[in-house]
Amino acid sequence: MAQTQLQSAREGIVTPAIERVAERENRDPEFVREQVAAGEAVIPTNHAHEGLDPMIIGREFSTKVNANIGNSETTSDRIEELRKLHAAVHYGADTVMDLSTGDELDTIREANVEHSPVPIGTVPIYEAVKRAESPEEITHELLLDVIEKQAEQGVDYMTIHAGVLMEHLPLTDGRVTGIVSRGGSILAQWMEENAMQNPLYTEFETICEIFAEHDVTFSLGDGLRPGSLADASDEAQFAELDTLGELTRTAWDHGVQVMVEGPGHVPMDQIRGNVERQQEVCDGAPFYVLGPLVTDVAPGYDHITSAIGATEAARAGAAMLCYVTPKEHLGLPDAEDVREGLAAYRIAAHAGDVANGLPGARDWDDALSRARYDFDWREQFDLALDPDRARDSHDQTLPGDNYKEARFCSMCGIEFCSMRIDQDARDADGEMDALDTGVDLDASPAAAVNLPPVGTHDTSAIPELPEIDAVAHDEGEPADD
Ligand code: SF4
């Protein structure tokens, strides 16, 4: 039986996948091997996934981004799903999860694995529900059958919600948003109806044996993650996390790679604590977080609310970020939502890497900044995180080829382009004349404008504005009436 990446790394073997990852991350292969051997990084590589370009997920490496695709009962087929896969990889997804719950599950999954150069993840409980027709009808045999079949099909990692236990369920009473994980809610219903322990927990060692045979990586699901700020960091969430720590060690005993999923909705000030707690409880296993959203008040903009939290999570040590699109909580994302979500999350991941001083991370920023200051517009577009978006935005107002050489854009215009003015003010060596240090800047009245803002965000104090009609009337213009 072929070994898992973890088993090989423990034996001191630098596998071809480790070699490739080292090349992609510009790191020493021996360092990569040590990280995998310690369980602090994973290389999801199912033996049967032939077209895969191996990648690594771990806090010592560049922060990765996952995109979710998948059909529902009413939308999408194999071709449409392949289009979504292509769009996700094109816009920079490091892994893709197929969360299909509609028809043609097998065909779609097989096509995704066959055509994907990035690891494919799944949540097998979804297929089990489809086959059983209702959650409470799922049997242990059916669950294991689904998991084994998906492993044989080449799925690289699977979300297994084995940490949701019967004794955790009462801890969710009184929550504002209950259990919001699809997998968590399905398993909770199963346990309530059957009065038995979570089958993914009781069958965990059998699942480990299946995963070891195919080198499927665990993504231990957070079925009790908070779905609102009010429920963040509560007893239910941390009780499940303790179980996930126990399961991490069990999987390692079987030579199986593990990452652990995390919340969800978490206030900004609790994010670092959440990441550090996971790292401690799960002995450094990579943390894979969904967002987290740092406020609940912005449906329609949750790619932004969650990318803010994702940046903080990456800074604190999260290894992979699961993107959130603007449609979160509202509807099934379309291709444009996928693009917006991925852009937001690639920004979050990169910002985290820069802040953490990841070797080479800021080279990208510096190269783009130089191109910007040089007015090398084409280079600036090429280096942009989304080159098409950057080019289109520029060309909306200055489309002509001659403007690709211009020392200004339409934002400030030719006269007020500060970078042009700055360059013109410098001497041949690119230097400014020295400031007269005898001037007391603090004494200048102009310094007052730099004082911090005062006041609160209590909008009751804001005076009411007059109606537009009244303004027009006051100014001597005839009102409509
Ligand atoms: S016009 Fe303004 S925004 Fe445009 S390049 Fe110059 S400084 Fe930058």
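Residues numbered from 1 in each chain as written. Predicted model: local features only at pLDDT ≥ 70, side-chain atom pairs only at ≥ 80, totals over all residues. Heavy atoms only, no water.

Colleague: What is the right way to look at the pattern of salt bridges in this model?
Modeller: Where charged atoms of side chains with opposite charge meet at close range, the side chains can pair. In the structure shown here, the tally under the stated rule is 30 salt bridges. Its salt-bridge partner being Asp 283, residue Arg 249 comes within 3.0 Å of it at the nearest N-O pair. Of this pair, Arg 249 sits in helix H11 (residues 235–253) while Asp 283 sits in the loop between helix H12 (268–281) and strand S9 (287–290); the two residues are 34 residues apart in sequence, bridging distant segments of the chain. According to the relative accessible area criterion, Arg 249 is partly exposed, its value standing at 34%. (Salt bridge = Lys/Arg side-chain N within 4 Å of Asp/Glu carboxyl O. Helix = DSSP H or I, 4+ residues; strand = E, 2+ residues; numbered from the N terminus. Buried < 20%, exposed > 50% of the residue type's maximum accessible area, 1.4 Å probe, protein only.)

Colleague: Please explain the site of the ligand as it appears in this structure.
Modeller: With respect to spatial proximity, the complete set of residues near the ligand consists of Phe 375, Trp 377, Cys 409, Met 411, Cys 412, Cys 417, Ser 418 and Met 419. For the shell around the ligand, the class distribution of residues is seven nonpolar, one polar and no charged. (Near = heavy atom within 4 Å. Nonpolar A, V, L, I, M, F, W, Y, C, P; charged D, E, K, R; others polar.)

Colleague: It is not clear to me how the sheet that holds strand S10 (residues 320–322) should be interpreted in this structure. Could you clarify?
Modeller: Within a sheet, each strand pairs with its neighbour through backbone hydrogen bonds, oriented either parallel or antiparallel. With respect to topology, eight strands assemble into a closed barrel ordered S3-S4-S5-S6-S7-S8-S9-S10, the strand pairing being parallel. Put simply, the sheet's adjacent strands are angled 25° from each other on average, direction ignored. Seen against the sheet, helix H14 (residues 335–355) touches strand S3 (64–69) and S10 and runs at an angle of roughly 160° to S3. (Pairing = 2+ DSSP bridges. Axes fitted to C-alpha atoms, helices over the stretch in contact; angles between N-to-C directions. Contact = heavy atoms within 4.5 Å.)

Colleague: Is there a simple way to explain the domain arrangement of the protein in this structure?
Modeller: Domain boundaries assigned for the protein yield domain 1 (62–356) and domain 2 (361–444). Summarising the inter-unit geometry, the C-alpha centres of domain 1 and domain 2 are found 41 Å apart. Contact with domain 1, which involves 11 residues of that partner, is made by eight residues of domain 2. Summing both partners gives a buried area of about 780 Å² for domain 1 against domain 2, and 53% of it is carried by carbon and sulfur. The largest share of the area that domain 1 buries against domain 2 comes from Arg 339, Arg 346 and His 350, three residues that together contribute 57% of it. Summed over the shared surface of domain 1 and domain 2, the number is three salt bridges. No other element matches the nine residues that H14 contributes to the side of domain 1 that touches domain 2. Considered class by class, the residues forming the side of domain 1 that touches domain 2 number four nonpolar, two polar and five charged. (Domains from an automatic or database assignment. Buried area = accessible area lost by both parts, 1.4 Å probe.)

Colleague: Whenever I open this one, the state of the cysteines confuses me. Can you help?
Modeller: Disulfide: a covalent bond connecting the sulfur atoms of a pair of cysteines. Scanning the model with the defined rule gives zero disulfides in all. No disulfide involves Cys 322; its sulfur sits 18 Å from that of Cys 282, the nearest cysteine. Residue Cys 322 is classed as buried on the basis of its relative accessible area of 5%. (Disulfide = S-S within 2.5 Å.)

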